[in-house]
Amino acid sequence: MLKTNFHNFPKGKPFSMILGDFLGRGIFNVDGEPWSFQKNMATLELGKHSIRCYAFDIINSELKTRLIPLLSSLSEKQVLDLQEVFRRVSFDIICWLSFGIDPRCLELSLPMSDFSRAFDIASRLSAERAMNVSPLEWKIKRALNLGSEKELKRAIEIINLLAKEVIRKRRKMRYSTGDDLLSRFMSTVNDETYLRDIIISFLLAGRDTVASGLTSLFWLLGKHPNVVSAVKREADRVIGENKDLTSYDQIKELHYLQATVYESMRLYPPIQFDSKFCRNDDRLPDGCLLKMGTRVTYHPYAMGRMEEIWGSDCLEFKPERWLKHDGVFFPESPFKYPVFQGGFRVCLGKEMALLELKMVALSLLRRFQIKLVTTNNRQPQFSPGLTATFNSGLPVLVWQLNHKISCQ
Ligand code: HEM
């Protein structure tokens with residue numbers, strides 16, 4: 001479905017209709033020519049080594065000037081919702097990286113931007129359309145501008161205003177000299193609505209997924225202090241005690257950290273499932289017959305918990321399962337671990353996402369002790385949406401550790 005007979009499994013009309021008002025013709029919501037155009041442009045930009053080094057600097061700056069000062073300023077009894085903080089961090093980073101613009105979502109005063117809120121509402125309500133028994137339900141509500149459809153329309157209006165503003169600012173800053181993704185698109189695309197759609201898909205790709213990955217990572221780390229100690233030991237050995245990361249290349253040597261991030265997303269993939277529609281009758285390798293128009297879903301959340309795939313300890317959080325005997329990280333096939341999907345539509349921001357997850361995790365774990373504030377020991381509950389979101393956030397208490405790592 002994702003590789004051998006990829007062309008027979010497009011995203012399909014039912015989903016592009018559900019997400020159409022929010023995502024328009026952005027990469028997440030299209031097939032065929034508009035998809036390959038956006039993919040080619042994004043691959044050119046995101047595949048460059050230079051953009052990874054640029055991303056390293058942006059993430060470093062967000063950590064040093066905002067996230068670390070924010071956590072350092074908390075009193076010992078102040079409960080912080082880490083999920084909300086991670087959403088702001090990843091929003092700042094993806095905006096800077098994709099559009100060359102800094103929205104300053106994580107300023108110390110923590111203003112909740114209208115845009116960020118509108119983005120959450122649009123993502124949630126668009127996903128909820130899929131839960132209607134018949135699409136007629138939401139279509140009638142949309143035509144009459146009622147209830148959730150009215151709310152969705154208002155949220156999309158706010159998003160459109162901001163997207164316009166981003167494009168206007170970028171034009172003013174002479175986009176042709178910019179090194180970001182938007183500048184690349186703006187040099188070829190004149191249609192303002194199409195540019196808006198491209199912006200929204202990249203924001204969705206880069207914000208909620210990374211924030212979700214970080215939230216579940218810290219939830220699991222809060223329950224596995226032995227893993228936290230091992231991550232810190234490796235960092236002290238590779239980077240040096242009380243020393244900070246200095247380059248993109250250095251982080252590649254942290255194999256245990258990489259294993260920890262992969263293991264966390266095996267159990268809690270940010271995109272829990274993904275569907276395609278069968279264009280023509282087909283037969284899966286196991287003999288299962290698919291009629292034209294059938295919805296086919298692969299489910300990384302379920303796959304990560306299957307004994308047949310991961311063995312009898314599949315429910316345990318064990319970064320070691322990703323390491324060979326010499327402690328070197330060993331990646332699995334993307335079809336066994338489809339957290340970033342596999343085949344032709346594999347995630348284009350995978351390396352960027354891993355870099356962000358690892359840098360945030362490392363800088364927080366080496367400076368702070370983070371304690372979960374939970375009232376019970378239950379598994380996290382998720383809100384409906386396009387990416388996995390803990391419905392009660394991730395409340396934590398934060399203490400500074402005694403030793404200091406120099407901020408370069
Ligand atoms: C932990 C973080 C992330 C995860 C788990 C993730 C996962 C995924 C998945 C499962 C898809 C396939 C979606 C589909 O076709 O329906 C995808 C696509 C994509 N991702 Fe990511 N992603 C992450 C972060 C990022 C970041 C940071 C960026 C941008 C810098 C990004 C850019 C994209 C793009 C452009 C696509 C569309 C690819 C296409 O349709 O050809 N992702 N991602």
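Look up: the structure comes first, before these words.
Thresholds, definitions, all that
Residue numbers run consecutively from 1 along every chain, following the written order of its sequence. In keeping with the model being predicted, local features are shown solely for residues with a pLDDT of at least 70 and side-chain atom pairs are shown and tallied solely at 80 or more, while totals for entire chains, interfaces and linings include all residues. Going along the chain from the N terminus, every DSSP run of H or I of four or more residues is numbered as a helix, and every run of E of two or more is numbered as a strand. In this scheme the burial state of a residue depends on its C-beta neighbours within 10 Å: 20 or more other such atoms mean buried, 12 or fewer mean exposed, and anything in between means partly exposed; the C-beta positions come from the backbone. Given the number of residues in a helix, its expected span is that number minus one, multiplied by 1.5 Å. Starting at the helix axis, one direction is taken to each C-beta atom, and the arc is that of these directions. Placing the C-beta atom from the backbone, one calls a residue near a molecule or strand if that atom lies within 6 Å of it. Residue type decides the class: Asp, Glu, Lys and Arg count as charged, Ala, Val, Leu, Ile, Met, Phe, Trp, Tyr, Cys and Pro as nonpolar, and the leftover types, Gly among them, as polar. Any two strands are treated as partners once DSSP identifies two or more bridges connecting them. The contact criterion used here is simple: two residues whose C-beta atoms, placed from the backbone, lie within 7 Å are in contact. Joined through C-beta atoms within 7 Å, a set of buried Ala, Val, Leu, Ile, Met, Phe, Trp, Tyr and Cys residues constitutes a nonpolar core. Only the contacting stretch of a helix is used when fitting its axis, a line to C-alpha atoms as for every element, and angles between N-to-C directions run 0 to 180 degrees. By the definition adopted for this analysis, an angle is roughly parallel if under 35 degrees, roughly antiparallel if over 145, roughly perpendicular if from 65 to 115, and oblique otherwise. Crossings are sorted by hand: turned counterclockwise from the far helix by less than a right angle, the near helix makes the crossing left-handed, and turned clockwise it makes it right-handed.

Undergrad: What is the right way to read unusual backbone geometry from this model?
TA: Backbone geometry follows two general trends: most residues other than glycine have a negative phi, and most peptide bonds adopt the trans configuration. Residues other than glycine seldom take positive phi values, yet Asn145 does so here, at roughly 55 degrees. Residue position: Asn145 is located in the loop between α6 (135-144) and α7 (147-172). With 10 C-beta atoms packed within 10 Å, Asn145 lands in the exposed category. Even without glycine at this site, Asn242 takes up a positive phi of about 60 degrees. By the secondary structure assignment, Asn242 is in the loop between α11 (225-238) and α12 (248-251).

Undergrad: Honestly, helix α2 (residues 32-46) in this entry has me stumped. Any pointers?
TA: Residues lying three or four places apart along an α-helix face the same way, a consequence of the helix completing one turn every 3.6 residues. Counted at 1.5 Å a residue, the expected span for α2 with its 15 residues is 21 Å, and the 21 Å between its end C-alpha atoms agrees. For α2, every residue scored as buried is listed here: Gln38, Ala42, Glu45 and Leu46. Burial along α2 is one-sided: seen end-on, the buried residues are contained in an arc of 80 degrees. Exposed and facing more than 90 degrees away from the buried side of α2 are Gly32, Glu33, Asn40, Thr43 and Leu44.

Undergrad: Just checking my understanding: could you explain the site of the ligand for this structure?
TA: With respect to spatial proximity, 22 residues lie near the ligand, and among them Ala205, Thr209, Cys347, Gly349 and Ala353 are the closest. Every element with two or more residues in the shell around the ligand is listed here: α2, α9 (192-206), α10 (208-223) and α16 (350-365). Each residue belonging to the shell around the ligand can be placed in one class, and the counts come to 14 nonpolar, five polar and three charged.

Undergrad: I'm lost on the sheet that holds strand β1 (residues 80-81) in this one. Help?
TA: Note: strands within a sheet are paired through backbone hydrogen bonds, in either parallel or antiparallel orientation. Taking strand neighbours across the sheet as the criterion, the three strands line up as β1-β9-β6 in an open arrangement whose pairing is antiparallel. Each of the sheet's edge strands pairs with one partner strand only, and the pair in question is β1 and β6 (368-372). The pairing of β6 with strand β9 (residues 395-400) spans five bridges and is classified as antiparallel. Within β9, the residue paired with Lys371 across the bridge is Leu397.

Undergrad: Is there a simple way to explain the environment of Phe15 in this structure?
TA: Relative to the helices and strands, Phe15 is located in helix α1 (residues 13-23). Classification of Phe15 as buried rests on a count of 20 C-beta atoms within 10 Å. A sequence separation of 115 residues divides Phe15 from Ala130, and the C-alpha atoms of the two residues are 8.1 Å apart.

Undergrad: Looking at this model, I keep getting lost on helix α5 (residues 114-129). Mind explaining?
TA: For α5, spanning 16 residues, the distance from its first C-alpha to its last is 22 Å, which sits close to the expected 22 Å at 1.5 Å a residue. Residues of α5 that are buried include every one of Phe115, Ala118, Phe119, Ala122, Ser123, Leu125, Ser126 and Arg129, and no others. Elements in contact with the buried residues of α5: α1, α6, α7, α9 and α10.

Undergrad: Just checking my understanding: could you explain the environment of Glu253 for this structure?
TA: Relative to the helices and strands, Glu253 is located in the loop between α12 and α13 (255-267). Each C-alpha atom, one on Glu253 and one on Phe329, is 9.5 Å from the other, the two residues being 76 residues apart in sequence.

Undergrad: How do you make sense of the nonpolar core when you look at a structure like this?
TA: Taken as a class, soluble globular proteins show a tendency for nonpolar side chains to be buried jointly. Membership of the largest hydrophobic core comes to 94 residues, with the highest contact counts inside it found for Ala122, Ile159, Ile199, Leu355, Leu357 and Ala361. The contacts of Ile159, once residues within four sequence positions are left out, are Phe115, Ala118, Phe119, Ala122 and Ile200.

Undergrad: What exactly am I supposed to notice about the packing of α5 against α7 here?
TA: To describe two helices that pack against each other, one gives the angle between their axes and the distance between the axes. Between α5 and α7, the least distance of the axes is 8 Å, while the angle of their chain directions is 135 degrees. The angle between α5 and α7 places the two elements in the oblique class. Where α5 crosses over α7, the two elements pack in a sense that is left-handed. Along its contact with α5, which presents Asp114, Phe115, Ala118, Phe119, Ile121, Ala122, Leu125, Ser126 and Glu128, the element α7 presents Ser148, Glu151, Leu152, Ala155, Ile156, Ile158, Ile159 and Leu162. The class makeup of the residues in the contact of α5 with α7 is 12 nonpolar, two polar and three charged.

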